[in-house]
Amino acid sequence: MISIDNVTVGYGTAGFITAVDGVSFTIGSNEIIGIAGESGSGKSTLMRALYGDFSTGLRIKSGTVTGRFTDAATGKAIEKPSSQFRDLWWDQISYIPQGSMSVLNPLMKIEKQVVDGLPKRERGGSRRELRARIAKFLAGFGLEENVLDAYPHQLSGGMRQRVLVAIAAFVNPRLILADEPTTALDVVVQKKILLMMVEIQRRLQNTLVLVSHDLGVHYQITDRLVIMYKGRIVEAGRTAEIFANPRHDYTRNLIASLPRLHGQRAVDRVGAGA
Ligand SMILES: Nc1ncnc2c1ncn2[C@@H]1O[C@H](COP(=O)(O)OP(=O)(O)OP(=O)(O)O)[C@@H](O)[C@H]1O
């Protein structure tokens, strides 16, 4: 679905600050891939390159990020470099950002924000019809229709994040990129959102790429894991294998730092088998 070949990504035009350094891996269809690493290791930068969002001064210095998708309407193959991924936003690729409060407009009700964010073709019918479709979709994840009438501050952080997750899935994208979607939420809410993302992935049979600095989160839901350290990939493979047999010191330390109860890991797998 996406090939990342020896890609170096960073910021700035005059000077260049390298954030991701010579990284290669592939993203296949129908899987959950985790990207882990400490703060500043380049996870979000890599995600922006995968999304094709170059609005923050991001630049690919060398290497390539190539997407291969199928047009849902025509069945034709689509191949594009990440500089053209913007054309694929929503239909093929959607993005769940970090921090729901920073992306939702505090002065606008949820319904308007959802509707305004949808691609034009989704807004073709009557507003009533569209609202009913959105409400039905939200109900599938236990969210009541009245969240659409709320302003963001009237919802809890967990509820806002669940709405963002649902919106990202509404038009059936083949790839969902989620950047720290559960950071700053308590563990109960976190688990609910992780379960929701797994359920979406299973229903849509699409691919989820999940960035988190929390290895416990990756252990719970990912099939494959990419570990970053100082802009490089230090380890990549099946999540279960990495946990069973971490090769790199950095990964070993990360795993050792996970909370344990009675000698057992204090997290359970909630999602897809690895
Ligand atoms: N807009 C920007 N302009 C310049 N440098 C940036 C920018 N965004 C990130 N960087 C730098 O790129 C490097 C990687 O940052 P990045 O945010 O990708 O890491 P991260 O692993 O996602 O960290 P965190 O978990 O804290 O979000 C850091 O050194 C950071 O300072």
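Before reading further, recall that the structure is shown in the block above.
Please read these numbers as outputs of a predicted model, since none were measured by experiment.

Draft legend 1. Quick look at the site of the ligand. In the vicinity of the ligand lie 14 residues, with Y11, A19, S39, S44 and T45 positioned nearest. Secondary-structure elements contributing two or more residues to the shell around the ligand are β2 (17–27) and α1 (43–51). Here the element with the most residues in the shell around the ligand is α1; it accounts for three residues. Across the shell around the ligand, the residue classes break down as three nonpolar, ten polar and one charged.

Draft legend 2. Local environment of helix α5 (residues 157–169). The first and last C-alpha atoms of α5 sit 19 Å apart over 13 residues, in line with the 18 Å expected at 1.5 Å per residue. Judged by how many residues are buried, α5 sits mostly within the fold: ten of 13 residues are covered. Buried within α5 we find R160, Q161, R162, V163, L164, V165, A166, I167, A168 and A169.

Draft legend 3. Examining the packing of α5 against helix α6 (residues 187–204) more closely. The contact between α5 and α6 brings their axes to 10 Å, and the two run at 10°. Between α5 and α6, the angle falls in the class roughly parallel. Contacts between α5 and α6 involve G158, Q161, R162, V165 and A169 from the former and V189, K192, I193, M196, M197, I200 and L204 from the latter.

Draft legend 4. Highlighting unusual backbone geometry. Backbone geometry at N6 places phi at a positive 45°, although glycine is not the residue there. Its location among the elements puts N6 in strand β1 (residues 2–11). In this structure, N30 takes a positive phi of about 55° despite not being glycine. Among the structural elements, N30 can be located in the loop between β2 and β3 (32–37). Since 15 C-beta atoms lie within 10 Å of it, N30 is described here as partly exposed.

Draft legend 5. Representation of the environment of V7 in the model. Topologically, V7 is positioned in strand β1. For V7, a count of 22 C-beta atoms within 10 Å gives the class buried. Along the backbone, V7 and V65 are 58 residues apart, and their C-alpha atoms lie at a distance of 7.2 Å. Setting aside residues up to four positions removed in sequence, V7 forms contacts with V20, V23, A49, I60, G63, T64 and V65.

Calculation criteria
- Residues numbered from 1 in each chain as written.
- Predicted model: local features only at pLDDT ≥ 70, side-chain atom pairs only at ≥ 80, totals over all residues.
- Near = placed C-beta within 6 Å.
- Helix = DSSP H or I, 4+ residues; strand = E, 2+ residues; numbered from the N terminus.
- Nonpolar A, V, L, I, M, F, W, Y, C, P; charged D, E, K, R; others polar.
- Expected span 1.5 Å × (residues − 1).
- Buried ≥ 20, exposed ≤ 12 C-beta atoms within 10 Å, placed from the backbone.
- Axes fitted to C-alpha atoms, helices over the stretch in contact; angles between N-to-C directions.
- Parallel < 35°, antiparallel > 145°, perpendicular 65-115°, else oblique.
- Contact = placed C-beta atoms within 7 Å.

Coordinates in, geometry out; function isn't part of it.
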